[in-house]
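Below are the chains, spelled out letter by letter.
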Amino acid sequence: MGIARRLTSVTGGELESFVFRIVTTSSNQTYELPIADYGSNTPNFTVDWDDGSSNLIQSSSDVNKLHTFSAAGTYDISLNGTVPSFKVDNNSLYRGLYTAIISWGETSFRTLNFHGCTNLTSVPTTDFEGLSTIFNLDNFFRRTGITSLPSGLLDYMINVTSLVDSFSFMSISSIPSGFFDNCTQITSFNSTFNQCFSLSAIPSGLFDNNTNVTNFSSTFKSCTSIGSIPTGLFDNNTSVTTFFSVFRMPTTSNSLTGNAPELWTRNPVPLGLYAFRNATGLGNYASIPANWK
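Residues numbered from 1 in each chain as written. Predicted model: local features only at pLDDT ≥ 70, side-chain atom pairs only at ≥ 80, totals over all residues. Heavy atoms only, no water.

With 81 residues, the main nonpolar core has Tyr-31, Phe-86, Phe-114 and Phe-276 as its most contacted residues. Of all elements in the fold, only strand S1 (18–24), strand S4 (44–48), strand S7 (73–82) and strand S9 (98–103) reach the threshold of two or more residues within this core. For Tyr-31, the residues in contact, after removing those within four places along its chain, are Phe-20, Ile-22, Trp-49, Lys-65, Leu-66, His-67, Phe-69, Ile-77, Phe-86, Tyr-94, Leu-97 and Tyr-98. (Core = buried A, V, L, I, M, F, W, Y, C linked by side-chain atoms within 4.5 Å. Buried < 20%, exposed > 50% of the residue type's maximum accessible area, 1.4 Å probe, protein only. Helix = DSSP H or I, 4+ residues; strand = E, 2+ residues; numbered from the N terminus. Contact = heavy atoms within 4.5 Å.)

Attention shifts here to the pairing of S9. Most of S9 sits inside the fold, with five of its six residues counted as buried. Taken together, the four bridges between S1 and S9 define a ladder with antiparallel strand orientation. Its bridge partner being in S9, Ile-22 is matched across the sheet by Tyr-98. (Pairing = 2+ DSSP bridges.)

This part is about the pattern of salt bridges. Using the criterion set out here, one finds three salt bridges in the structure. Between Asp-76 and Arg-21 there is a salt bridge; the shortest N-O distance is 2.6 Å. A residue pair is termed long-range when its members are at least 10 positions apart, and Asp-76 in strand S7 and Arg-21 in strand S1 qualify at 55 residues. A residue is classified by how much of its surface remains accessible, and Arg-21, at 28% relative accessible area, is partly exposed. (Salt bridge = Lys/Arg side-chain N within 4 Å of Asp/Glu carboxyl O.)

With that out of the way, let us pick up the confidence of the model for the chain. Caution is warranted with low-pLDDT regions, since their predicted coordinates should not be read in detail. Summary statistics for the chain give a mean pLDDT of 95 and a share of 95% for residues scoring 70 or more. Scored below 50 in pLDDT, residues 1–12 makes 24 contacts in the model with residues more than four places away or belonging to other chains. (pLDDT = per-residue confidence, 0-100.)

Strands sit in the order S3-S8-S10 across an open sheet of three strands; the sheet is mixed. Here the strands that pair on one side only, and so sit at the sheet edges, are strand S3 (35–36) and strand S10 (111–113). When S3 meets strand S8 (residues 85–87), the two strands line up antiparallel, connected through two bridges. Across the sheet, Ile-35 pairs through a bridge with Phe-86, a residue of S8.

The tally for this structure, following the rule as stated, stands at 39 aromatic pairs. The interplanar angle of 15° and the centroid separation of 4.0 Å between the aromatic rings of Phe-140 and Phe-141 together place this pair among those described as stacked. Between Phe-207 and Phe-234, the aromatic rings sit 5.9 Å apart at their centres with planes inclined by 5°, giving stacked as the arrangement. With Phe-207 in the segment after S10 and Phe-234 in the segment after S10, this residue pair connects regions lying 27 residues apart in the sequence. No difference in accessibility class separates Phe-207 from Phe-234, as the two residues are buried. In this structure, Arg-248 packs its charged tip against the face of Tyr-274, placed 4.5 Å from the ring centre. Over the ring of Tyr-285 we find Lys-293; its NZ or CZ atom is 4.4 Å from the centre of that ring. (Phe/Tyr/Trp six-rings, centres within 6.5 Å; stacked < 30°, edge-to-face > 60°. Lys NZ or Arg CZ within 6 Å of the ring centre and 35° of its normal.)

To continue, consider the environment of Pro-43. Looking at the element boundaries, Pro-43 is found in the loop between S3 and S4. On the basis of relative accessible area, Pro-43 is assigned to the buried category, the value being 0%. The spacing of Pro-43 and Leu-97 is 54 residues in sequence and 22 Å in space, taken between C-alpha atoms. Excluding residues within four positions of it along the chain, Pro-43 makes contact with Ile-35, Ala-36, Asp-37, Ile-57, Gln-58, Ser-59, Ser-60, Thr-82 and Pro-84.

This brings us to the pairing of strand S2 (residues 29–32). Burial of S2 is one-sided: the residues Gln-29 and Tyr-31 facing one way are buried, the residues Thr-30 and Glu-32 facing the other way are not. Here S2 runs beside strand S6 (residues 66–69); their pairing, made up of four bridges, is antiparallel. Within S6, the residue paired with Thr-30 across the bridge is Thr-68.

Quick look at unusual backbone geometry now. With an omega dihedral of 0°, the bond running from Asn-267 to Pro-268 counts as a cis peptide bond. Looking at where Pro-268 falls in the secondary structure, it is placed in the segment after S10. For Asn-28, which is not glycine, the phi torsion reads 55° and is therefore positive. Relative to the helices and strands, Asn-28 is located in the loop between S1 and S2. Given a relative accessible area of 55%, Asn-28 falls into the exposed group. At Gln-195, a residue that is not glycine, the phi angle is positive and equals roughly 60°. Topologically, Gln-195 is positioned in the segment after S10.

Following this line, the structure appears as structure tokens:
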């Protein structure tokens, strides 16, 4: 799918709720909503706890963001209203509780992440329109249990500027074609797929529309199962100042073949320290500058 794909706006009527599932394992277990302000945007929503109770939340410090579930079980929690920031951020107290996202909803997210939710394995594969307000996706699915990225997930995220560690440490084997086509404002792909050991291929033209990018540091670092690097992968990314460790491998036991793009011939020369370190299977490895490998 291309940049010309029509971006449907959310229209009138009652807004859909953001719904996610947690599983508690003991009685009287407490859970805290990971909400925060985003700039001048503050939370203002109703939460249905799926245990017969609900609360109105009107600030990021509202005491009602903490809830105790009297019985162990599965709860589908619904948020309806404005939720500018929802960031798990690898919180060891609650990251293991999340198991599924049921509905993305329309809650005016500005940033969203489920970093560290290793038990999160299910996400919606359609209805992404409500994600159009997001600006920052750093750590989005980092180290989650999700094994497949839905095609079209980012199609409405035309405002996103940063994807630092968004899909790192995941057990994904592929990236949907055209995955970033509509994200034309992105400036950083720093560590976006870092240590995705099962990732076996990069779609051709993956970054063609991302002409504002300046940082590709560690984007595919330690992705040891990737085959060849697509020809012209970075041709349209002429503003990049750093490719530091972009394809750095932990050892020479990796699947990289074909040729490395000759990024070191650009003028001015971007930072490329360790960009192809240990990628000895590349056909032009011998001609790569020493500090790039």
